[in-house]
Amino acid sequence: MTDHLLLNDVASPPSHALPERLIRRITWIGIAVNIVLAVFKVGAGIYGDSQAVIADGIEALLDVFTVILVYAGSRFWSRPPDDTHPFGHGRMETLVAVCIGLSLVGAAVGIGWESIATLHEQHLTPPGWIAAAAALASVIGKEILYRWTLGIGRRIKSVAVVATAWHYRSDAFSSIPVVLAVTGAILLPSWTFLDHLGAVVVSMFILHAAFKITWPSLKELIDVGAPAEVRRRIRSIACAAPGVLQVHEIRTRYIGTSIQTDLHVIVDGGLTVREGHDIARDVEARLIHEIEEVVDVVVHVEPPEEALPEEGRR
């Protein structure tokens, strides 16, 4: 589904509440790892006189904020439907993903602006090797954290957890140019501007991650429908149900990683109410069984007089 970039990593929506135990484990391990990396990188950046490594450390502190958001949000979006939220609480997960993305935008703008504004400044001494070591440790640590978190996110079908995992992957990638920039500034003392450029590159990676996280979630909040390929599958499956003469007016929307859909089916006008109802239930069951993302279906049964010309179907 090209319109939902992050949802490509989510196999299918859960049929039950998100496992709180796994979310809790992700949270505390993520917090611990990121606090250790943040303290190490900020300290090494200050001691080693590296703006790029300090920026990388600030990004690690943002990850602490991210995992706390995911944990706090999961306590709401995993709740079952109730009287005030009859369609469930899945939009809370989407809102958390948007908050993560916006926090990244703010950090990227701040780091980028500071780095560009000080690009002309020369260091009195080149950065120290401890700064390069801290950046390298970040690459390794964040890649391990990314793989583990992504595995759990796919397992529990959570777009917010997958967003957190990709946040870690972007951190790992953004630390690579930091390693190169700091190492270059150490080996070529007259090129200390490389350290500032490294911080600019970090900000660009953060912005890229923010876009991948925020854009799909924003589209979900404004009820963008499922891709055309999903709608075609819905039509094909519904048309294959016995007693269905035509399918039209297919509508879809995302709630978290799940899809809700409603559609109109044309049946023989001589059928009883019970027979029409059974056809509708059959269509609903087929869609939920054959398309894993679909969790809620509303079928409107109509007589042949309501059929649309071939070109009028949607």
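As shown above, the structure is provided for reference.
Residues numbered from 1 in each chain as written. Predicted model: local features only at pLDDT ≥ 70, side-chain atom pairs only at ≥ 80, totals over all residues. Heavy atoms only, no water.

With the rule as written, the count across this model stands at 5 salt bridges. Across the pair Arg274 and Asp278 runs a salt bridge whose closest N-O atoms are separated by 3.7 Å. Here Arg274 pairs with Asp278, and both are found in helix H8 (residues 273-290), just 4 residues apart, close to one helical turn. Classification of Arg274 by relative accessible area gives exposed; the value is 55%. Using a relative accessible area of 39% as the deciding quantity, one classes Asp278 as partly exposed. Via salt bridges that share partners, Glu143, Arg147 and Arg169 belong to a single interconnected network. (Salt bridge = Lys/Arg side-chain N within 4 Å of Asp/Glu carboxyl O. Helix = DSSP H or I, 4+ residues; strand = E, 2+ residues; numbered from the N terminus. Buried < 20%, exposed > 50% of the residue type's maximum accessible area, 1.4 Å probe, protein only.)

The full count for this structure, using the stated rule, is 1 aromatic pair. Consider the rings of Phe211 and Trp215, whose centres lie 6.5 Å apart with planes at 10°: the pair is stacked. In this pair, Phe211 and Trp215 both sit in helix H6 (residues 193-221), 4 residues apart, roughly one turn of the helix. Judged by its relative accessible area of 48%, Phe211 is partly exposed. (Phe/Tyr/Trp six-rings, centres within 6.5 Å; stacked < 30°, edge-to-face > 60°.)

Below, the discussion takes up the side chain of Asn34. By secondary structure assignment, the location of Asn34 is in helix H1 (residues 20-47). In contact with Asn34, other than residues within four places in its own chain, are Ala60, Asp63, Val64, Lys142, Leu145 and Tyr168. (Contact = heavy atoms within 4.5 Å.)

Right, let's get into a nonpolar patch on the surface. Among the surface-exposed residues, Phe76, Met92, Leu95, Phe211, Trp215, Leu218, Leu221 and Ile222 lie close enough to one another that they form a single nonpolar patch of about 740 Å² accessible area. Of all the elements in the fold, those that place two or more residues in the nonpolar patch are helix H3 (90-117) and H6. Broken down by element, the residue count for the nonpolar patch peaks at 4 residues, all from H6. Within the secondary structure, Leu95 sits in helix H3. (Patch = residues over 30% accessible without salt bridge, like charges linked within 9 Å, V, L, I, M, F, W, Y side chains within 5 Å. Areas by Shrake-Rupley, 256 points an atom, 1.4 Å probe, with all protein chains shown as cover.)

This next bit is on unusual backbone geometry. A positive phi angle is found at Glu249, which is not glycine, with a value near 55°. By secondary structure assignment, the location of Glu249 is in strand S1 (residues 246-255). Given the relative accessible area of 24%, Glu249 is considered partly exposed.

Honestly, it's all geometry; don't read function into it.
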